[in-house]
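# Survey of secondary and tertiary structure
The primary structure of each chain is shown beneath.
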Amino acid sequence: MPPGGAPAAIFPHAITYQETILSLLENHFKLKEHGTDVRTELLAGLTTFLTMAYIIFVNPSILGSAGMPTDAVFVATCLAAALGSLIMGLYANYPIGLAPGMGLNAYFAFIVVRQMGLSWEVALGAVFISGCLFLVVSAFRLREMIIDGIPASIRIAIAVGLGLFLGLIALHNAGIVVANKDTMVTMGNLHAAPPLLAIVGFFAIVALDKLKVKGAILIGILLVTVLSFFFADNKFMGLVSAPPSLAPTLFKLDIMGALSVGILNVVLVFFLVELFDATGTLMGVASRAGLLVDGKMARMNKALMADSCAIVAGATLGTSSTTAYIESAAGVQAGGRTGLTAVAVAVLFLGCLFLSPLASVVPAYATAPALLYVACLMLRELGGIDWNDTTESIPAAITALAMPFTYSIATGVAFGFISYAVLKLLTGRARDVKLAVWVIAALFLFKFIYLGAG
């Protein structure tokens, strides 16, 4: 302030730095138009961040099981989440945070790499290609045509099947379910510390979330990690340090290797799940925020473009598919209505880059409760299936069951599309099947017959 305390008299056109920032934020995010303010948006961003920050511990754990360097994956996770959320906030102006998606990272690690035997570099190449396809679909507004062509029952079943698949992985990581040559699976040693700590963490997460404690999943992970120092011989490595190097994963994707494997084997599954997951999440969060106009998102295409750009960038950095997070609904509940909420999420993820020592000591059985809780929540979609129509419900059930029991998300999706088309054909309802289903079913059938089921 100028001497004399009368800035307006001496500098009649002067405004403070703070007013300039507020004016810029208002002009870009249209805060007043959406009935919100900077303070509310920033608090909403913090709320959303706390509900999805568990991914910085879970993602390195899952992708690390595929042989990826966990420190670099940690950095890639933080950067992909920050970049995706920033694009969503600044470009699409929606209060939705993005980060590497649950389920997609499990498919990446446990199916594409460990079961199919592909390198993680090739898997990153497949994610990159799927992101490019998603980008094309978004740019040319083909999303509606594809989504409308896929039956609702199959879309629901894919989400449910992912939940079952994720649940199986979670129970295995916790040591609660183990392999058995006679019964295939059986109960693990519940007298050991890891399963017991995982059980404690799971109940803590569910109880805290029910009590509406912000960051319930994150608290559960940290609780089990702390207890592991006392009961499971875990070693504390520190809390804060400079970010690890990203070099081990940066630009390591093998696009040509992914193309040589075949689009059907990996890329199609990534693409379909990304498309359904992103669309469903965006619509769900926008609906809760009251941002739908006549049941539609005014800037849906921008939101999908942000999502697809984040997938491409994430693969380049070194992580599995990035997607919109349904946990963003927590920030909406706290009042978030504009992209400023997502920008706040982005800044907080950047801050997490300095927490790598903490991330490195989080054991798999500490993140297992979070996986199991997310898996349980994904099963609630079952209520949307028409169980009275067996030509809808049976393919849906086959899709969901095949994923964990064949240990392959791709196989579950394939069985679902093929059985849907066959049952409609056999019951004289072939005309009810959209072209997209026939095409996808035929492609999967061709794959099984001529290329094998691998």
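Residues numbered from 1 in each chain as written. Predicted model: local features only at pLDDT ≥ 70, side-chain atom pairs only at ≥ 80, totals over all residues. Heavy atoms only, no water.

Rules: UniProt positions are given in the numbering used here, feature names are shortened, and annotations may be inferred rather than shown by experiment.
In the nomenclature of an unreviewed UniProt entry, the chain corresponds to NCS2 family permease from the organism Massilia atriviolacea. Under the UniProt heading Sequence similarities (unreviewed entry), the note attached to the chain is "Belongs to the nucleobase:cation symporter-2 (NCS2) (TC 2.A.40) family. Azg-like subfamily." What the UniProt record of the chain gives under Subcellular location (unreviewed entry) is the line "Cell membrane".

## Overview of the domain arrangement of the chain
Going by this rule: All the domain ranges listed were derived from an automatic or database domain assignment. Contact between two residues is taken to exist if any of their heavy atoms lie within 4.5 Å; hydrogens are not considered. N or O atoms within 3.5 Å of each other form a polar contact, as long as, within protein, one can give a hydrogen and the other can take it, and as long as residues adjacent in sequence are counted only when both atoms are side-chain atoms. Elements are defined by DSSP. Helices are runs of H or I of four residues or more, strands are runs of E of two residues or more, and each kind is numbered from the N terminus. Amino acid classes used here: Ala, Val, Leu, Ile, Met, Phe, Trp, Tyr, Cys and Pro are nonpolar; Asp, Glu, Lys and Arg are charged; the rest, including Gly, are polar.
Its domain assignment divides the chain into domain 1 (30-384) and domain 2 (385-453). Taking only C-alpha atoms into account, the centre of domain 1 sits 26 Å from that of domain 2. Each partner contributes residues to the interface: domain 1 has 30 residues there, and domain 2 has 26 residues. Taken together, the connections running from domain 1 to domain 2 amount to four residue pairs in polar contact (both at pLDDT 80 or more). Going through the elements one at a time, helix H6 (104-115), helix H8 (143-149), helix H9 (152-173) and helix H13 (263-288) are the ones with two or more residues in the side of domain 1 that touches domain 2. Counting residues per element, the side of domain 1 that touches domain 2 draws most heavily on H9, which supplies twelve residues. Its residues assigned to classes, the side of domain 1 that touches domain 2 shows 20 nonpolar, eight polar and two charged.

## Details of the nonpolar core
Note the threshold: In plain words, nonpolar cores are sets of buried Ala, Val, Leu, Ile, Met, Phe, Trp, Tyr and Cys residues tied together by side-chain atoms within 4.5 Å. A simple rule labels every residue: compare its accessible area, found with a 1.4 Å probe on the protein chains alone, to the largest value its type can have, and call it buried under 20%, exposed over 50%, or partly exposed in between.
Ranked by internal contacts, the top residues of the largest apolar core, which has 127 residues, are Phe 108 and Phe 417. Looking at which domains feed residues into this core, each of domain 1 (30-384) and domain 2 (385-453) supplies at least three. The contact partners of Phe 108, leaving out residues within four places of it in the chain, are Leu 63, Met 68, Val 113, Trp 120, Ala 123, Leu 124, Val 127, Phe 270 and Ser 320. Ile 156, Ile 385, Ala 396 and Ala 400 belong to the second-largest nonpolar core, a separate cluster that totals six residues.

## Considering the pattern of salt bridges
Which entries qualify depends on this criterion: Criterion for a salt bridge: a side-chain nitrogen of Lys or Arg within 4 Å of a carboxyl oxygen of Asp or Glu.
Tallied over the full model, the rule gives four salt bridges. The partner of Asp 389 in a salt bridge is Arg 429, and the shortest N-O contact between them spans 3.2 Å. Here Asp 389, found in the loop between helix H18 (364-378) and helix H19 (390-405), pairs with Arg 429, found in the loop between helix H20 (409-426) and helix H21 (435-451); they are 40 residues apart in sequence, far enough to count as distant. With a relative accessible area of 16%, Asp 389 lands in the buried category. Between Asp 432 and Arg 429 there is a salt bridge, with the nearest N and O atoms lying 3.1 Å from each other. Within this structure, Asp 389, Arg 429 and Asp 432 form a network of salt bridges that share partners.

## Thoughts on the environment of Gly 201
Turning to its location among the elements, Gly 201 is positioned in helix H10 (residues 193-210). Judged by its relative accessible area of 0%, Gly 201 falls in the buried class. Spatially, the C-alpha atom of Gly 201 lies 8.9 Å from that of Leu 222, the residues being 21 residues apart in sequence. In this structure, Gly 201 is in contact with Gly 220, Val 224 and Pro 369, ignoring residues within four places of it in sequence.

## Notes on helix H14 (residues 300-317)
Rules: By this rule the span expected of a helix is its residue count minus one, scaled by 1.5 Å.
With 18 residues, H14 extends 26 Å from end C-alpha to end C-alpha; this agrees with the ideal 26 Å at 1.5 Å per step. Within H14, 16 of the 18 residues are buried, leaving the element largely enclosed by the surrounding structure. Looking one or two places after H14, you find Gly 318, whose phi comes out positive at around 120°.

## Focus: the packing of H9 against H20
To keep it simple, the criterion reads: Angles run from 0 to 180 degrees between N-to-C directions of axes, and those axes are lines fitted to C-alpha atoms, restricted for helices to the stretch in contact. Just so you know how the angles are binned, under 35 degrees is roughly parallel, over 145 roughly antiparallel, 65 to 115 roughly perpendicular, and the rest oblique. Handedness of each helix crossing follows the sense of rotation of the near helix against the far helix: counterclockwise by less than a right angle gives left-handed, clockwise gives right-handed.
Running from N to C, H9 and H20 point in directions that differ by 150°, and their axes come no closer than 10 Å. Taken together, the axes of H9 and H20 are roughly antiparallel relative to one another. The handedness of the crossing between H9 and H20 comes out as right-handed. Seen from H9, the contacting residues are Ser 153, Ile 154, Ile 158, Leu 162 and Phe 165; seen from H20, they are Ile 409, Val 413, Gly 416, Phe 417 and Tyr 420. The residue inventory of the contact of H9 with H20, partitioned by class, reads eight nonpolar, two polar and no charged.

## A word on the pairing of strand S3 (residues 184-187)
Our working definition: Any two strands are treated as partners once DSSP identifies two or more bridges connecting them.
Here four bridges tie strand S2 (residues 177-180) to S3, and the two strands are oriented antiparallel to one another. Its bridge partner being in S3, Asn 180 is matched across the sheet by Met 184. Joining the antiparallel neighbours S2 and S3 is a turn of three residues.

## Comments concerning a nonpolar patch on the surface
For clarity, the threshold we go by: Patch rule: a residue counts if its relative accessible area is over 30% and it has no salt bridge; like charges are joined within 9 Å, and nonpolar side chains (Val, Leu, Ile, Met, Phe, Trp, Tyr) within 5 Å. Accessible surface is estimated by sampling points in the Shrake-Rupley manner with a 1.4 Å probe; for residues, cover comes only from the protein chains shown.
Where nonpolar side chains cluster on the molecular surface, the patch consists of Leu 425, Leu 435, Trp 438, Val 439 and Leu 443 and spans about 470 Å² of accessible area. Of all the elements, H21 adds the most residues to the nonpolar patch, at four residues.

## Notes on helix H16 (residues 339-351)
Taking 1.5 Å per residue as the helical rise, H16 with its 13 residues ought to reach 18 Å, and the 19 Å between its terminal C-alpha atoms agrees with that figure. Considered for burial, the residues of H16 that qualify are Gly 339, Leu 340, Thr 341, Ala 342, Val 343, Ala 344, Val 345, Ala 346 and Phe 349.

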